[in-house]
Amino acid sequence: MNMPIKEKILSQLIHANGEPISGQKLADQLNISRTMVWKHLKSIEEDGYVIEAIKKKGYVLQSIPDIVSPERISSYLDTKSIGRNIFYYPVCESTQTIATEKASDHAAHGTVVITEQQTAGRGRLERPWDSSANKGIWMSVIIRPEISPQYAAQFTLVSAVAITRAIEELTDCSPAIKWPNDLLINGKKVTGILTELQADMDRVQAIIIGIGVNVNQELEAFDESIQSIATSLKMETGQEVNRAELVAKILYYLEKYADIYVENGFEPIKLLWESYNCTIGKRIRANMLRETLEGVAMGITNDGVLELKLDNGQIRGIYSADIHL
Ligand code: BTN
């Protein structure tokens, strides 16, 4: 990946795992002068990193600020296109709103908008999304797959599988997916996904995937109204999670599963989704705009529609609903 020099230096310091790296070695590897190395190190320190200079040995990274800056995310990133272009805001109203504007403005495939805090975070069905400062992942990813709009909803399930896989890899938790795309741990919501579409009649222009992950919050960080239904990765494991590393891992799996989806269709994603889901086979209540239905969730169709078997034996397809298990 073609990273800017400052990010390359930061990446080397992070991956040195406490071993000193000499200024000369950095200068030689990056083909720049030692003065330039020193200037980049100063700039890295200004971002909140603590770097110790050890005489005759080199530089050691002593501490990392807990932020989701592009430099930090890029130091963990292993993708071809997703996350190559990151817009970072210490505070904003909603990354989804900004990403929607950027997508209309021709932002490239894979562009990410991320913030430390949202003042007007948006959830599904026009609900507010609780996005406290510096504790969660609040980001929106612009994807431009070459598919027709009728298949766009399947991307919601691609995202749910990617985030589940990333959380599973970096923590001791294995979330379960509640249809279509809520990630639950011990029955409480740890992640929400809001997928929005920009399309012509026959072609997707952009899918904007809004991802909210509760990472390092304690219970009090949540609004009282959701304290009984929300959780964070830290509350479940007792351990702080490196948010920038988790962002990079989510982007990695998003790219991987989006590629699989575009090359091989929905079937492999559907199988993964089914292996993580906690809805199928259960008796559920589906609250929709105009009616509420109860029955047993039988499975999802190839379009990602939930099939509900009502008590009278009738099978109904659910396209959008709030599901209660
Ligand atoms: C849900 O209701 O479950 C979806 C929540 C989606 C929240 C994310 S946080 C980042 C992005 N920006 C927003 O305003 N919303 C999404």
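Residues numbered from 1 in each chain as written. Predicted model: local features only at pLDDT ≥ 70, side-chain atom pairs only at ≥ 80, totals over all residues. Heavy atoms only, no water.

## Some remarks on the site of the ligand
Argument step 1. The ligand sits among 20 residues. The nearest are Ser94, Gln118, Arg122, Arg124 and Lys189.
Argument step 2. A distance of 2.9 Å is found between a nitrogen atom of the ligand and a side-chain nitrogen or oxygen belonging to glutamine 118.
Argument step 3. Note that an oxygen atom of the ligand is positioned 2.7 Å from one of the side-chain N or O atoms of lysine 189.
Argument step 4. Considered on its own, the ligand offers 420 Å² of accessible surface; in the complex 97% of this is hidden by protein.
Argument step 5. The site holding the ligand turns out to be the largest pocket.
Argument step 6. Elements represented by at least two residues in the shell around the ligand include exactly α5 (95-104), β5 (136-143), β8 (188-199) and β9 (204-214). (Near = heavy atom within 4 Å. Polar contact = N/O pair within 3.5 Å; in protein donor to acceptor, adjacent residues only side chain to side chain. Areas by Shrake-Rupley, 256 points an atom, 1.4 Å probe, with all protein chains shown as cover. 1 Å grid on protein atoms, 1.4 Å probe; cavity = no way out; pocket = protein on both sides within 12 Å on 5 of 7 lines; lining within 4 Å. Sits in = over half its atoms within 2 Å of the grid points. Helix = DSSP H or I, 4+ residues; strand = E, 2+ residues; numbered from the N terminus.)

## Some details on the sheet that holds β5
Argument step 1. What the seven strands build is an open sheet, ordered β3-β4-β5-β9-β8-β7-β6; its pairing is mixed. Each of the sheet's edge strands pairs with one partner strand only, and the pair in question is β3 (86-89) and β6 (176-178). Here the average twist between neighbouring strands, direction ignored, is 20 degrees.
Argument step 2. Judged from the eight bridges that link them, β5 and β9 form a sheet pairing that is antiparallel. Paired with tryptophan 138 across the two strands is glycine 212, which belongs to β9.
Argument step 3. Relative to the sheet, helix α6 (residues 154-170) contacts β5, β6, β7 (182-185), β8 and β9, its axis offset from that of β8 by approximately 145 degrees. (Pairing = 2+ DSSP bridges. Axes fitted to C-alpha atoms, helices over the stretch in contact; angles between N-to-C directions. Contact = heavy atoms within 4.5 Å.)

## Re the sheet that holds strand β14 (residues 322-324)
Argument step 1. As summarised here, the arrangement of the five strands in space is β13-β12-β11-β10-β14, forming an open sheet in which the pairing is antiparallel. Strands at the two margins of the open sheet, each flanked by one partner only, are β13 (315-318) and β14. Direction aside, the axes of adjacent strands within the sheet are offset by 45 degrees on average.
Argument step 2. Sheet topology places strand β11 (residues 292-300) next to strand β12 (residues 306-310); five bridges connect them, and they run antiparallel. For isoleucine 300, the partnering residue across the bridge sits in β12 and is leucine 306.

## A word on the state of the cysteines
Argument step 1. What the rule picks out here adds up to zero disulfides.
Argument step 2. Cysteine cysteine 278 is unpaired, with the sulfur of cysteine 173 as its nearest cysteine sulfur at 14 Å.
Argument step 3. According to the relative accessible area criterion, cysteine 278 is buried, its value standing at 14%. (Disulfide = S-S within 2.5 Å. Buried < 20%, exposed > 50% of the residue type's maximum accessible area, 1.4 Å probe, protein only.)

## Observations regarding the domain arrangement of the protein chain
Argument step 1. Parsing the protein chain into structural domains produces domain 1 (5-63), domain 2 (70-276) and domain 3 (283-324).
Argument step 2. Taking only C-alpha atoms into account, the centre of domain 2 sits 24 Å from that of domain 3.
Argument step 3. Facing twelve residues of domain 2, the contacting portion of domain 3 comprises 13 residues.
Argument step 4. Our enumeration of links across domain 2 and domain 3 arrives at one salt bridge.
Argument step 5. Ionic pairing is found between aspartate 322 and arginine 127, a salt bridge with its closest N-O pair at 2.4 Å.
Argument step 6. Taken together, the links from domain 2 to domain 3 amount to six residue pairs in polar contact (both at pLDDT 80 or more).
Argument step 7. When contributions to the side of domain 2 that touches domain 3 are tallied by element, the ones reaching two or more residues are α6 and α9 (267-276). (Domains from an automatic or database assignment. Salt bridge = Lys/Arg side-chain N within 4 Å of Asp/Glu carboxyl O.)

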